[in-house]
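# Coordinate inspection notes
Here is how the chains run, residue by residue.
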There are 2 protein chains.
Amino acid sequence: MQISKNEQDYIKSIFKLQADGSVSTTALSEHLHLKAASITDMLKKLADKKLVSYKKYQGVTLSTKGEKLALELIRKHRLWEVFLVEKLNYKWDEVHAIAEQLEHVEGLDLINRLDKFLGLPKFDPHGDPIPNEKLVLTKQNLSQLGKITKPGKYQVSMVNQDNPSFLQYLTKLSIKIGDIIKLHELITFDGSLNISINNSTSIFMSNTVANGIYVYKLNN
Amino acid sequence: MQISKNEQDYIKSIFKLQADGSVSTTALSEHLHLKAASITDMLKKLADKKLVSYKKYQGVTLSTKGEKLALELIRKHRLWEVFLVEKLNYKWDEVHAIAEQLEHVEGLDLINRLDKFLGLPKFDPHGDPIPNEKLVLTKQNLSQLGKITKPGKYQVSMVNQDNPSFLQYLTKLSIKIGDIIKLHELITFDGSLNISINNSTSIFMSNTVANGIYVYKLNN
DNA sequence: ATAATTTTTTAGGTTAGTCTAAATTTTTAT
DNA sequence: ATAAAAATTTAGACTAACCTAAAAAATTAT
Ligand SMILES: [Mn+2]
Ligand SMILES: [Mn+2]
Ligand SMILES: [Mn+2]
Ligand SMILES: [Mn+2]
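Only a predicted model underlies this, so the values are computations on that prediction, with no experimental measurement involved.

Okay, the protein's contact with DNA strand D next. Surveying the vicinity of DNA strand D reveals 22 residues, the closest of which are A:Thr26, A:Tyr54, A:Lys56, B:Ser4 and B:Ser38. Within 4 Å of the protein, atoms of DNA strand D come from sugar and phosphate in 77% of cases. One of the side-chain N or O atoms of A:Thr40 is found 2.8 Å from a phosphate oxygen in DNA strand D. At a separation of 3.3 Å, a base nitrogen of DNA strand D approaches a polar side-chain atom of B:Asp41.

The following block contains the structure:
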């Protein structure tokens, strides 16, 4: 049974939204920028194809088959992003739309060959982990910088990639994956922060921006 | 105005078939494996979009705009084929179907970056010339090995890539682009040939196979 | 120059994927 | 426990891209 590009994008969206429990029609409607009626139509088709379990008015969950497909697509998307940045010298804010197309390209063994060619990378340019050939996705235990409560040293491990202009702003601040952030002061009033990056001069950061940065706590 | 993947494939087919004069509905129908009625439908749409000039019962020709699009697609197809062979180690008989998908991927500057990454190759893995960034396609003056009338030395410059099993057969004979073929004898009865490749022991080749090999005559 | 054949177009239908507007169900507030 | 609001589904329409069968035009053969 062949699964269309559009069906594939629905599956990816359900995967992304299903953090806890089932995904609502409205959530999908917003995420895919489609009307709710279109979502309902498609959910019926995906259920027919056994990719999701769906009951009227109850939202939707991925089946095992659907989850496997989602992981394949995420693997493809992230590996192509690595290719675009590492080999074609794109910036991290330019690759998403292209990877969104490349992830749908089919070919025997294509993605595993690409993986090897890239040196079996573990993370994509935004710090997201790449499922391995067996589709195992290793989740990291990260915190949003904006939610952190005590000063200290943290490593930038992942950033929110939904908004290119957010990524461009991080570039302007010269914040990259792997950088060490020292959190000096926390303004409780509005959640804004005073930080320094890789020991350079300290800067101010709004809570909104800080919430798009995921960090790992360093011991010292 | 956006041009769909299917419209793009029609444009490529018209380009390939329009060697001399206009292309007939039947020719396109056979090339695309679609019914003639479907071709007629699409030709109207392509004419609306000014990609072709089309008059009922008169066949179709590419407009300047259509020709430019065709060359872009051919450039993309051939560069992706180079990528698959050179970087991902595919064999020349495995790349066509994947490139057929990759050629439709859109991205600002994507194909020129790929071109640079590959070292601005002049030919694809089958010996077909690649249009340059300005879309100039340099045609070579080649002959089909099966049509040659006198013995002599020839260089394999291009091969017919439509049939993967033909390419596999060439691999079995260890014939590659750039090889030197010495044509020893021509059997006029059935057009078959007696040749040797790169000075190794001579082999027999049918006229059918020889016609899939395009060669350049060497002076001596 | 007619008739037969081939090519091409038209007419009408199907499926995938979307939409708007209306109806229905579920959830929330009084 | 009702009523109001929100979420969801249904109904009906549209476009892209294909199909089959029939009609029309062009070409070829007698
Ligand atoms: Mn996609
Ligand atoms: Mn990413
Ligand atoms: Mn194609
Ligand atoms: Mn080729």
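Let's shift gears to the coordination of the manganese ion (ligand 4). Residues and elements named next belong to chain B. For the manganese ion (ligand 4), the full set of protein donor atoms is Glu81 (OE), Asp124 (OD), His126 (ND1) and Gln161 (OE1), at a range of 2.1 to 2.4 Å. Along the chain, the residues donating to the manganese ion (ligand 4) are arranged with the sequence spacing E-x42-D-x1-H-x34-Q. Here Glu81 is found in helix H4 (residues 64-86), whereas its partner Gln161 is found in the loop between strand S4 (152-159) and helix H7 (164-172), with 80 residues between them in sequence. With respect to class, Glu81 is no different from Gln161; both count as buried.

Let us look at the protein's contact with DNA strand C. Around DNA strand C sit 22 residues, and of these A:Ser4, A:Ser38, B:Thr26, B:Tyr54 and B:Lys56 come closest. Near the protein, meaning within 4 Å, the atoms of DNA strand C are sugar or phosphate in a fraction of 77%, with bases accounting for the rest. Between a phosphate oxygen of DNA strand C and a side-chain N or O atom of A:Lys45, the distance comes to 3.2 Å. In terms of residue class, the surface near DNA strand C is built from nine nonpolar, seven polar and six charged.

On to the interface of chain A and chain B, then. Taken together, the contact pairs 21 residues of chain A with 21 residues of chain B. Roughly 1600 Å² is buried in total at the junction of chain A and chain B, and carbon and sulfur atoms are behind 67% of that figure. By the criterion of area lost to chain B, the three top residues of chain A are A:Leu88, A:Arg113 and A:Phe117, representing 32% of everything that side buries. Where chain A touches chain B, the interface holds zero salt bridges. Summed over the shared surface of chain A and chain B, the number is 10 residue pairs in polar contact (both at pLDDT 80 or more). Of all elements in the fold, only helix H4 (64-86), helix H5 (96-102) and helix H6 (110-117) of chain A reach the threshold of two or more residues within the side of chain A that touches chain B. Here the side of chain A that touches chain B takes four residues from H6(A), the largest share from any one element.

Cut-offs and rules
Along each chain, numbering runs from 1 in the same order as the chain's sequence is written. To label them, take the chains in the order written and letter them from A, then take the ligands in the order written and number them from 1. Only residues with pLDDT of 70 or above have their local features reported here, since the model is predicted, and side-chain atom pairs are shown and tallied only from 80 upward, although totals for entire chains, interfaces and linings are computed over all residues. By convention in this description, side-chain values take in all heavy atoms of the structure and omit both hydrogens and water. For this purpose, a residue is taken to be near a molecule or strand whenever a single non-hydrogen atom of the residue falls within 4 Å of it. The definition of a polar contact used here is a pair of N or O atoms within 3.5 Å, where within protein one atom must be able to donate a hydrogen and the other to accept one, and adjacent residues in sequence count solely through side-chain atom pairs. Only nitrogen, oxygen and sulfur atoms qualify as donors, provided they sit within 2.8 Å of the metal or within 3.2 Å for Na, K and Ca; with water excluded from the atoms, sites may seem incomplete. Going along the chain from the N terminus, every DSSP run of H or I of four or more residues is numbered as a helix, and every run of E of two or more is numbered as a strand. For the exposure calls, accessible area comes from a 1.4 Å probe over protein chains only, and a residue counts as buried if that area is under 20% of its type's maximum, exposed if over 50%, partly exposed in between. Classification convention: Asp, Glu, Lys, Arg as charged; Ala, Val, Leu, Ile, Met, Phe, Trp, Tyr, Cys, Pro as nonpolar; all other residues, Gly among them, as polar. We call two residues in contact whenever any of their non-hydrogen atoms come within 4.5 Å of each other. Summed over both partners, the accessible surface that disappears when two parts come together, traced with a 1.4 Å probe, is what is meant by buried area. Criterion for a salt bridge: a side-chain nitrogen of Lys or Arg within 4 Å of a carboxyl oxygen of Asp or Glu.

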